[in-house]
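Structural features, examined
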Amino acid sequence: MNKPLRRVAIFCGLLMLALLVRNNWIQYAQADKLRTDEKNRRVAIERYATPRGDIIVDGEPITGHKATGGDFAYKRTYKNGAMWAPVTGYVSQAFGANQLESIEDGILTGNDDRLFFRNTLDMLTGKKKQGGNVVTTLSGAAQKAAYNGLKKQGGKGSVVALEPSTGKILALASYPSYDPSTIAGNSLETDAKAWEKLQKKNNPDDPMLNRALREVYPPGSTFKVVTAAAALEHGMVEDADQKTDTPLPYIMKGTTTELKNDGDLPCKDASLREALRVSCNTVFGKLGTDLGNDKMLETAKKFGFGEEHFTPVRTSSSLFDKDMEPSQVALSSIGQFNTAATPLQMAMVAAAVANNGTLMKPYMVDELQTPGLDTIEKTDPEKFSEPLSPENAQILQSMMETVVNDGTGGNAKIDGVTVGGKTGTAQHGENNSKNPYAWFISYAKTDDGSAPVAVAVVIEDENAVRGDISGGGLAAPIAKSVMEAVLKSKE
């Protein structure tokens, strides 16, 4: 063989060797990666080849499935989709999935390794593969009261209700909302149009935003509950009815700026109880300054500020700043400046007070089930922290109950039930130019002293008359209806 032919033969041999190496690399080393790649259409076909398991509330499914007759054999359906969207999220043949539909996708599709034995038995018996179920902690009655209350109000907003003793999420409502069925797999064209209409760039109401978990707001005067807790825990105040050393007017430390109250309120040297009842900015601003940034931040962190929480849906982190000037601490201690909180976070504050100072981790998945309803995994309640001693929590409870019985939270009263709460009207916008947010946090106690529910409500209504916006007026009635729904379900 002459030299040129030998070179060609060697080159062709190297090409064949490279092809063999590449083929084996794809078939073996990259097999799993390619098999599960989201761009592999077979993955999507397999996901929708069998009926998807359900998300369960009160023992009944709030989801379903429907045969399509196409490559994707089944599509997801939803019952009262808009009401439950902040809980379920969506699963779409075109746009993927989010929230519980995404986090628990392995269980719902039946592909989770924990279902291997069940799937093997089904295969041997010829039974069609099915997905497992996700059983939630949600209360249908509480969710309906929350969503209908927001819808009736007509603006934007959200509601979170917790069971203080366990951390179970009982209601998680956000408004405006959307129906996940509209993007589940009707047709690529119609789903694409529906998706575009739901995007914030096309819809300023941003209906796909989970306001309960992902939006942070200035909490306004509801944060005064945290400041009161800090004052009690750090020994700044020992008795809810003792006078504080609060001048009127109060000039913020290091400035010539007066911290004003919202009206002509009896705030000079007011007791902690009176200050919470009428919502004195001066008392709580000065308390925060006197405590200092570090102690205020320490207490806020014990309530959950500064952390993302996994319910298992991830939440935004609520904020209380560090390294602030004394005047900034004063403003932060009344829920302004950079202080920001999710509705879930403020429900956690109310729940900790109601639970005698113990804060439980919030969660919304009670258990995971096989298609045959056997339990795969059960969630056990877990303590997050103890922001308050039982003694101080009970002092704070008595103060919050005064707010409802004789103060700004009267619209949350429930006959025959002990209710504690705190209103808030949080300013926002440049120079406070936009309509304030209306807040209300509360809890209800039964005759045996237990507190089955704590609630946080926030309303943002850009079209309301500014003077008509208040936590007691807009948010408290919704909180009342949610608490009543939970109490009735416990009877």
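Above this text you will find the structure in question.
Source: prediction; values computed, not measured. (Residues numbered from 1 in each chain as written. Predicted model: local features only at pLDDT ≥ 70, side-chain atom pairs only at ≥ 80, totals over all residues. Heavy atoms only, no water.)

Some thoughts on the pairing of strand β4 (residues 74–78)
Where burial is concerned, most of β4 is hidden: 4 out of the 5 residues are buried. Pairing of strand β3 (residues 63–67) with β4, which is carried by 5 bridges, proceeds in the antiparallel orientation. Pairing of Lys66 across the sheet is with Lys75, part of β4. (Buried < 20%, exposed > 50% of the residue type's maximum accessible area, 1.4 Å probe, protein only. Helix = DSSP H or I, 4+ residues; strand = E, 2+ residues; numbered from the N terminus. Pairing = 2+ DSSP bridges.)

A closer look at the pattern of salt bridges
Considering all chains together, one arrives at 20 salt bridges under this definition. Two residues, Glu298 and Lys302, come together in a salt bridge whose shortest N-O distance is 3.5 Å. Of the two residues, Glu298 and Lys302 both sit in helix α14 (residues 293–302), 4 residues apart, roughly one turn of that helix. Where salt bridges share partners, they join Arg52, Asp54, Arg76, Glu101 and Asp105 into one cluster. (Salt bridge = Lys/Arg side-chain N within 4 Å of Asp/Glu carboxyl O.)

Considerations on the pairing of strand β14 (residues 375–378)
It is a general feature of regular strands that their side chains alternate between the two faces of the sheet. By the bridge criterion, 3 bridges tie strand β13 (residues 365–369) to β14 in an arrangement that is antiparallel. When the bridges of β14 are listed, Gln369 appears paired with Thr375. Between β13 and the antiparallel strand that follows it, β14, lie 5 residues; Leu373 among them carries a positive phi value of about 75°.

What about the state of the cysteines?
A full pass over the atoms with the stated rule returns 1 disulfide. In this model, Cys267 is linked to Cys280 through a disulfide, with the two sulfur atoms separated by 2.1 Å. Its torsion about the S-S bond being -85°, the disulfide of Cys267 and Cys280 is classed as left-handed. Taken together, the positions of Cys267 in the loop between β11 (258–259) and α12 (272–278) and Cys280 in the loop between α12 and α13 (281–291) put the pair 13 residues apart, joining distant regions of the chain. (Disulfide = S-S within 2.5 Å.)

Remarks on the side chain of Gln345
Position of Gln345 among the secondary structure elements: in helix α16 (residues 343–354). What Gln345 contacts, discounting residues up to four positions off in sequence, is Phe303, Gly304, Phe305, His309 and Ser318. (Contact = heavy atoms within 4.5 Å.)

Points about the environment of Ala184
With respect to the helices and strands, Ala184 occurs in the loop between β9 (168–175) and α9 (188–198). Separated by 106 residues in sequence, Ala184 and Tyr78 have C-alpha atoms that sit 9.3 Å apart. Not counting residues within four places of it along the chain, the set of residues in contact with Ala184 comprises Lys75, Arg76, Val91, Ser92, Gln93 and Asp191.

Observations concerning a nonpolar patch on the surface
Among the surface-exposed residues, Ile10, Leu14 and Leu17 lie close enough to one another that they form a single nonpolar patch of about 310 Å² accessible area. Structurally, Leu14 can be placed in helix α1 (residues 3–29). (Patch = residues over 30% accessible without salt bridge, like charges linked within 9 Å, V, L, I, M, F, W, Y side chains within 5 Å. Areas by Shrake-Rupley, 256 points an atom, 1.4 Å probe, with all protein chains shown as cover.)

Topic: the sheet that holds strand β1 (residues 55–57)
In space, the 5 strands of this open sheet follow the order β2-β1-β7-β13-β14, with mixed pairing throughout. Each edge of the sheet is formed by a strand with only one pairing partner; in this case those strands are β2 (60–61) and β14. In this structure, strand β7 (residues 133–136) lies alongside β13, joined through 4 bridges in antiparallel fashion. By the bridge assignment, Val135 is partnered in β13 with Glu367.

With respect to the packing of aromatic side chains
With the rule as written, the count across this model stands at 7 aromatic pairs. An angle of 80° between the planes, with centres 5.6 Å apart, marks the rings of Tyr90 and Trp195 as edge-to-face. Taken together, the positions of Tyr90 in the loop between α4 (81–88) and β5 (91–92) and Trp195 in helix α9 put the pair 105 residues apart, joining distant regions of the chain. Residue Tyr90 shares its accessibility class with Trp195, and that shared class is buried. Their ring planes at 85° and their centres at 6.1 Å tell us that Tyr217 and Trp439 sit as a pair that is edge-to-face. One end of the pair, Tyr217, is in the loop between α10 (211–214) and α11 (224–233); the other, Trp439, is in strand β17 (residues 434–445), with 222 residues separating them in the sequence. Chaining the aromatic ring pairs together yields one cluster made of Tyr90, Phe95 and Trp195. (Phe/Tyr/Trp six-rings, centres within 6.5 Å; stacked < 30°, edge-to-face > 60°.)

Brief notes about the packing of α11 against helix α17 (residues 390–406)
The interhelical angle for the contact between α11 and α17, taken along N-to-C directions, is 140°, at an axis separation of 10 Å. Comparing the axis directions of α11 and α17 gives the class oblique. The chirality of how α11 crosses α17 is right-handed. For the pair α11 and α17, contact is made by Val225, Ala228, Ala229, Leu232 and Glu233 and by Asn392, Ile395, Leu396, Met399 and Met400, respectively. Here the contact of α11 with α17 is built from residues that sort into 8 nonpolar, 1 polar and 1 charged. (Axes fitted to C-alpha atoms, helices over the stretch in contact; angles between N-to-C directions. Parallel < 35°, antiparallel > 145°, perpendicular 65-115°, else oblique. Left-handed = near helix turned anticlockwise from the far one by under 90°. Nonpolar A, V, L, I, M, F, W, Y, C, P; charged D, E, K, R; others polar.)

Quick look at the nonpolar core
If you look at the biggest cluster of nonpolar residues, it comprises 116 residues, and the most contacted ones within it are Val159, Met364, Leu396 and Val455. Of the domains in this structure, domain 1 (42–136 + 179–207) and domain 2 (212–490) are the two that each give at least three residues to this core. Residues Tyr90, Val91, Ile183 and Ala194 belong to the second largest nonpolar core, which totals 12 residues. (Core = buried A, V, L, I, M, F, W, Y, C linked by side-chain atoms within 4.5 Å. Domains from an automatic or database assignment.)

A word on α9
Every α-helix winds through 3.6 residues per turn, so residues three or four apart in the chain are directed the same way. The complete set of buried residues in α9 reads Asp191, Ala194, Trp195 and Leu198. On an axial view of α9, the arc spanned by its buried residues comes to 100°, and they lie on one face. Exposed side chains of α9 directed beyond 90 degrees from the buried face belong to Glu189, Lys193 and Lys197. (Arc of directions from axis to C-beta.)

Description of unusual backbone geometry
A cis amide bond links Leu248 with the next residue in sequence, Pro249, at an omega value of 5°. The omega torsion of the bond from Thr311 to Pro312 falls at 20°, within 30 degrees of zero and hence cis. With a phi close to 65°, Ser279 is a non-glycine residue in the positive phi region. Residue classification places Ser279 among the buried positions, given a relative accessible area of 11%. Its identity as a non-glycine residue notwithstanding, Asn356 has a phi of 55°, on the positive side.

Regarding the environment of Thr257
Looking at where Thr257 falls in the secondary structure, it is placed in the loop between β10 (250–251) and β11. When its relative accessible area of 41% is taken as the criterion, Thr257 is described as partly exposed. Each C-alpha atom, one on Thr257 and one on Ser327, is 8.8 Å from the other, the two residues being 70 residues apart in sequence. Residues contacting Thr257, with those up to four places away along its chain left out, are Tyr250, Ile251 and Met252.

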